Amino acid sequence: MSWRRLVTLTLFAYPTDFREEFREQILADLEDERPEPWRIASDIVFTGLRMRAESLIRDVGFGLRRLRKRPLLVGVVVASFALGIGANVAVFSVLDAVLLKPLPYPNAGRLAIVIADDKRGVAGSALSIPDVSDLRANTPAFEAIAAEAQDSAILTGSGRPREIDGMDITWNYFAVLGLHPVLGRFFAGPDGAPGIRRVVISERLWRTQLGADPHVIGTNIRFDGVPIQIVGVAPDVRVPAADNGSLDRDDFWSPLPNSVPAKQRGARYLGAIALLAPGATMKAAAADLALASSRLTTRYPRTDAGIAFEVQSTNAAFFANVTPVLWTVFAAVIAVLLITCANVASLLLADASTRDQEFALRASLGASARRLRSQLLAETGVLALASGAIGVALAYAGLQFLASTLLRGLPRIDSAKIDGWTLLYAVLSVVVVTLLSGMWPVVALRRERLAGTVDAAGRGGDRSAGALARSTLVVIELAVTLVLVVLSGLTVRSFYTLTHPNLGIRTTGVLVSQTIGLPSTRYNQLPARLTFARSLLGQVRAIPGVRDAALSVSYPLSEVIVTFTVGIVGKTYPVGNQPDAHLNAVTPGYFSILGLPTLRGRTFSPNDNDTAQPVAIVNQAFVKRYLSDREPIGTRLRVAGWEGAAPTTATIVGVVGNEQQRLSRPAPAMYYLPIAQLAPNVLNAVVLSDRLTPAELDRSLDRAVARTDPLLVAPKTYTIKNLIDIAAATPRSSVVLLGALAAVALLLAISGVFGVVSFSVTQRYREFGVRRALGARRSDVLGDVLRRALVVSCLGVAFGTTIAVVAARAIASQLDGVSPLDPLTFSAVISLLLGCASLAALLPALRATRVDPALTLRYE
Amino acid sequence: MSIYPFSIEVTVANDYSDVLPLSPRSFYVLLSLAKEEAHGYAIAKTVASLTGGAVRLTAGTLYPIVRQMLADGWILELPEDGEDTRRRRYRLSARGRRIAQAEAQRLDDLVRMAHDFALLPALAT
């Protein structure tokens, strides 16, 4: 770049009017002599910026002095902006903390989740240990792959036993994350050898249970009464549980066994986290995995047919549920801020049109139009900046409130705070808000208004330059409001459907407990498990207030869903295409307590025990899917044994009604086996009681479990209603937030319509007076004002409906049981908006009819 | 930006106390115009030679000062003389001259004091 061009460019640092005035002289000087161009350029930039800063300070000072005389305007504008910016900053900080911030591990940027997409739908997305070793050898795009399975243990030793959560991990798990131990070491290969029991504990457990003892490494801790050697202490961060799609706060990690027989290739229960090799992309990883999948399918058709290994970003794996909700709410707060801007803009326009005289006077005193414009903008800027500061304070307070109430269930919500990025967003909002609302009066300030003839405004009606601009603003405002109200209406309807599900079961008077896991150290034999189940059931039945009780492995809306392949004897299936269904093992009372109807045959009886013939019960969905061609009763099923026990053949003795396992999902095909014949090592209690609350039952269950096995921890109990509430927590936050935002938007829009119509009526007072004097009736005036308001409202509603159709389709995936184009919601919202707009216009319109013609004529 | 197209010469020298002391640059600009009118580039060159290069005004820094002085009525812009239409010539206004004089007087007083207090050799009387 030639020095001349450089200097010419730097001239833009000067304020425009100065540049225009002195440009030629400066360039002429440069031609005469060519001193160091860098020095001149830097001189120009520094001086220019200083001049700009000085003029900004003057404008701001002027703005402040002027605004001091208009406390009402300032109050309204600052309050609306502060609320709008505050809501934006709060929601942004949540979005940032939950979705945008990298995970808190040094390798966060290179982490990916590997899933096994099972086309047969049997195993979900988990992997087996042989899968992980196969993939390690076949995917150059990954530097390492770690695997993990959730685990829990009962911490014994001091005081009451306590259940703690943990993971079984491959030795490289922490290395893949890039974490370092607080104390001691993480695992190495040999730690996974059979017979060795070692554990890494969390910093939290170390501090709370072991008094932060610095010599803890090498000592023992007791799990389920068995001593295990502590080798390290892990830092206190949430770690990815890919098998569960969550970030968990765990307390211990034990090594997964190193060597697993190849036959367990089909035992898929692991989550896998991979570290991308330096420079490798997700795309390359996906290609590697696709190749590996097809290779493995050919090599192990029995276990790997239909399995496709795929790669997922950590965001998709851990935040898939909350991502659409958060973005929708974020879009909604931005929409509310836009409506606020429109409202404030029409206020400022109205205010500016009362200042024609002031501007004309100042223009005649030599102020350039540019100068007046920048002063107008500076006034808005001062307001927005003050509001921004208040807004950040509001966001700070609001964030604590939201995080502890509505948004409590969101992952990583505890790390949401006002930080540098949030402040940057706040500054950006202030700038955008200043421009969006401040530009209208600036644009309306045309040269002809500065030229002089000021008193013409008002004579022939509302002809002030801002009239069209104000109507445009109302159209925008109503359109955005309509979109918001439609979306929140759809969400409310969807939420209603979701929380009033037809689960197919009795929902009142039923309490269920979470799962009790029987530690394998003491319960690896079937008789021990059966004895425990029998004894526990007896204890629970004896609890005062319990009308009936049963045990099961799973229950509607339970965390535990067991899916097994199941074969129908007499049918052959192509490899990899075996039927699968949800399995539940239950004691006989289960069906009557949940009110599941017996449609055919019988339910289980106490006689269906470990010595009797194996029996099974299937549900309607199972019959429909797999047994439509035959009589279900008497059909024999080939069912897998629990945890590697030998498969058995069970005869179907009954068909029961469907129970739904997940909200808003169709009831799955299910088969039931008697607990007495399956002997599972996970159990939960299902209790029928008219008067026990979960808290009361918790206390009794605690005693019942302690009497059965003092080393076990009693689980918490819930009513079915509780379970629905928990399952609907995320949709609830989105409903409440969207609803609140829609309500705010509606209020703003109504006040916007009211303000604009009201201002226009004031402008047209004389016109109405003249028309009344010339014989127009009150109803003519009323009709005229209302008609104009209605035209503007209809335009807004029409635009809004168009946008709402697109927006509703965009959130269709979040809607349950309601079409995104639900005609009821749309028509209700359109009528609501038109009704509100008419009401808001009616008051000023009535005022227009009360104009006294005589009084007006006296002025003419 | 000049509000009044002419300077109002009703003030007395004493009343310049609110603009004094001048920044060295402003003083040199006024000084360079004291004898004769000049265009911007000439002003910069005079200032450089007056100070032996110690105070350097480039095109980047000179014109903001010129504009401020025009706005405050310290200097006046002369009509174009047809020789170089891009350049404009400036001369000192009566007000500007008084301000420069007041500043010079202030500096002179300071120098006298320096002599009286033996910071500088005593003046020959």
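Residues numbered from 1 in each chain as written. Chains lettered and ligands numbered in written order. Predicted model: local features only at pLDDT ≥ 70, side-chain atom pairs only at ≥ 80, totals over all residues.

Q: Can you walk me through the overall build of chain B in this structure?
A: Counting its secondary structure elements, chain B contains four helices and three strands. When the helices and strands of chain B are listed from N to C terminus, the series reads α-β-α-α-β-β-α. Residue burial in chain B is summarised as follows: out of 125 residues, 29% are buried. Residue pairs at least 24 apart in sequence account for 55% of intrachain contacts in chain B once pairs closer than 6 positions are excluded. (Helix = DSSP H or I, 4+ residues; strand = E, 2+ residues; numbered from the N terminus. Buried ≥ 20, exposed ≤ 12 C-beta atoms within 10 Å, placed from the backbone. Contact = placed C-beta atoms within 7 Å.)

Q: Just checking my understanding: could you explain the overall build of chain A for this structure?
A: Looking only at helices and strands, chain A features 27 helices and 24 strands. Along the first, second and third principal axes, the C-alpha set of chain A runs to 110 × 80 × 55 Å. Per-residue burial for chain A yields a buried fraction of 43% across its 860 residues. Long-range pairs, those at least 24 residues apart, make up 83% of the contacts in chain A with a sequence separation of at least 6.

Q: Which parts of the structure should I look at to understand the sheet that holds strand β2 (residues 75–77) of chain B?
A: For sheets, the rule is that strands pair by backbone hydrogen bonds, running either parallel or antiparallel. Residues and elements named next belong to chain B. The strand order across the open sheet formed by three strands is β1-β3-β2, and the pairing between neighbours is antiparallel. Where the open sheet ends on each side, the last strands, each with one partner, are β1 (38–39) and β2. With three bridges connecting them, β2 and strand β3 (residues 89–92) associate as antiparallel partners. Bridge pairing in β3 links Glu77 to Tyr90. (Pairing = 2+ DSSP bridges.)

Q: Would you mind going over the interface of chain A and chain B with me for this structure?
A: Interfaces are frequently sized by the accessible area removed from exposure as the parts join. Listed per partner, the contact involves 19 residues of chain A and 15 residues of chain B. Looking at the side of chain A that touches chain B, the elements with two or more residues in it are α2 (16–32) and α3 (37–67) of chain A. Here the element with the most residues in the side of chain A that touches chain B is α2(A); it accounts for ten residues. When its residues are assigned to classes, the side of chain A that touches chain B shows ten nonpolar, three polar and six charged. (Nonpolar A, V, L, I, M, F, W, Y, C, P; charged D, E, K, R; others polar.)

Q: Honestly, the nonpolar core in this entry has me stumped. Any pointers?
A: Residues and elements named next belong to chain A. Val114 and Ala745 are the most contacted members of the largest nonpolar core, which totals 167 residues. Considering each element in turn, this core owes the most residues, 20 residues, to helix α11 (residues 322–353). In this structure Val114 touches Leu127, Leu135, Ile145, Ala272, Ala274, Leu289, Phe309 and Val311, once residues within four positions along its chain are discounted. (Core = buried A, V, L, I, M, F, W, Y, C linked by C-beta atoms within 7 Å.)

Q: Mind showing me how you'd approach the environment of A:Gly381 here?
A: Residues and elements named next belong to chain A. In this fold, Gly381 is placed in helix α13 (residues 369–404). Here the alpha-carbon distance between Gly381 and Val432, two residues 51 residues apart in the chain, equals 9.8 Å. For Gly381, the contacting residues outside a window of four places in its chain are Thr434 and Gly438.

Q: Looking at this model, I keep getting lost on the pairing of strand β17 (residues 580–586) of chain A. Mind explaining?
A: Walk down a regular strand and you will see the side chains alternate between the two sheet faces. Residue and element names in this part refer to chain A. Burial analysis of β17 places six of its seven residues in the buried class, the great majority of the element. With four bridges joining them, strand β16 (residues 562–568) and β17 adopt antiparallel strand pairing. Residue pairing in the sheet places Phe564 in a bridge with Ala581 of β17. Here β17 pairs with strand β22 (residues 670–674) via five bridges, running parallel. For His582, the partnering residue across the bridge sits in β22 and is Met670.

Q: Explain α3(A) to me, please; I cannot follow it from the model alone.
A: For an α-helix the count is 3.6 residues per turn, leaving residues at separations of three or four pointing the same way. Here α3(A) spans 44 Å end to end across 31 residues, near enough to the 45 Å set by a 1.5 Å rise per residue. Along α3(A), the residues that are buried comprise A:Ile40, A:Ala41, A:Asp43, A:Ile44, A:Thr47, A:Gly48 and A:Asp59. (Expected span 1.5 Å × (residues − 1).)

Q: How should I be thinking about the packing of helix α23 (residues 729–763) of chain A against helix α25 (residues 778–810) of chain A in this particular structure?
A: Any two packed helices are characterised by how steeply their axes cross, that is the angle between the axes, and by the distance between the axes. Residues and elements named next belong to chain A. Two elements in contact, α23 and α25, have axes separated by 11 Å at closest approach and are oriented at 140°. The orientation of α23 with respect to α25, classified from their angle, is oblique. Note on packing geometry: the crossing formed by α23 with α25 is right-handed. Counting all contacts with α23, which are made through Val753, Val757 and Val761, the residues of α25 involved are Val785, Ala789 and Ser793. (Axes fitted to C-alpha atoms, helices over the stretch in contact; angles between N-to-C directions. Parallel < 35°, antiparallel > 145°, perpendicular 65-115°, else oblique. Left-handed = near helix turned anticlockwise from the far one by under 90°.)

Q: Help me out: how do you make sense of the domain arrangement of chain A in this one?
A: All names here are of chain A. Once the domains are mapped, chain A shows domain 1 (3–57), domain 2 (70–105 + 318–455), domain 3 (120–305), domain 4 (458–501 + 724–860) and domain 5 (515–715). Just the C-alpha atoms count here: the centres of domain 2 and domain 3 sit 47 Å apart. Counting residues at the interface gives five residues for domain 2, matched by eight residues for domain 3. Residues of the side of domain 2 that touches domain 3, tallied by class, amount to four nonpolar, no polar and one charged. (Domains from an automatic or database assignment.)

Q: How do you make sense of unusual backbone geometry when you look at a structure like this?
A: Glycine aside, a negative phi is what most residues show, and trans is what most peptide bonds show. Between B:Leu20 and B:Pro21 the backbone carries a cis peptide bond, its omega angle lying at -10°. Along the chain, B:Pro21 turns up in the segment before α1 (24–32). The residue A:Asp224 is not glycine, and still its phi comes out positive at about 50°. Considering the arrangement of structural elements, one finds A:Asp224 in the loop between β6 (220–223) and β7 (226–234).

Q: Got a minute to help me understand the environment of A:Arg265 in this structure?
A: Residue and element names in this part refer to chain A. Topologically, Arg265 is positioned in the loop between β10 (252–255) and β11 (271–276). The class for Arg265 is partly exposed, based on 19 C-beta atoms found within 10 Å. A C-alpha to C-alpha distance of 35 Å links Arg265 and Lys716, two positions 451 residues apart in sequence. In this structure, Arg265 is in contact with Ser128, Pro130, Tyr300 and Thr303, ignoring residues within four places of it in sequence.

Q: Just to check I follow, could you spell out the packing of α13(A) against helix α14 (residues 420–444) of chain A for this structure?
A: All names here are of chain A. In contact at an axis separation of 8 Å, α13 and α14 are set at 145° when each is read in the N-to-C sense. As for the relative orientation of α13 and α14, their crossing is right-handed in sense. Of the residues in α14, those touching α13 at Arg373, Leu376, Leu377, Thr380, Gly381, Ala384, Leu385, Gly388, Gly391 and Val392 are Leu423, Ala426, Ser429, Val430, Val433, Thr434, Ser437, Gly438, Pro441 and Val442.

Q: Would you explain the confidence of the model for chain B in this entry?
A: If pLDDT is low for a region, its predicted coordinates should not be looked at in detail. With 83% of its residues at a pLDDT of at least 70, chain B reaches an overall mean of 82. Prediction confidence for the complex, expressed as pTM and ipTM, is 0.77 and 0.75 respectively. (pLDDT = per-residue confidence, 0-100.)

Q: Looking at this structure, I do not really get the environment of A:Ala845. What am I missing?
A: Residue and element names in this part refer to chain A. The residue Ala845 is located in helix α26 (residues 823–849) in this model. You can call Ala845 buried: it has 22 C-beta atoms within 10 Å. Contact partners of Ala845, with chain neighbours within four places excluded, come to Val757, Leu782, Val785 and Leu786.

Q: Hey, could you run me through α26(A) in this one?
A: Taking 1.5 Å per residue, 27 residues should reach 39 Å; α26(A) reaches 38 Å between its end C-alpha atoms and fits that length. Every buried residue belonging to α26(A) is among A:Thr825, A:Val829, A:Leu833, A:Cys836, A:Ala837, A:Ala840, A:Ala841, A:Pro844, A:Ala845 and A:Ala848, and all of these are buried.

Q: For this particular structure, what's the right way to read the pairing of strand β21 (residues 648–656) of chain A?
A: Residues and elements named next belong to chain A. Pairing of strand β18 (residues 598–601) with β21, which is carried by three bridges, proceeds in the antiparallel orientation. By the bridge assignment, Thr598 is partnered in β21 with Val656. Direction of pairing for strand β19 (residues 615–619) relative to β21: parallel, over a ladder of five bridges. Across the sheet, residue Val615 finds its bridge partner in β21, namely Thr651.

Q: Please clarify how the confidence of the model for chain A should be interpreted in this entry.
A: Taken residue by residue, chain A gives an average pLDDT of 85. The fraction at 70 or more is 94%. Considering only residues more than four positions removed or in separate chains, one finds that residues 453–462 of chain A, a stretch of pLDDT under 50, has 16 contacts.

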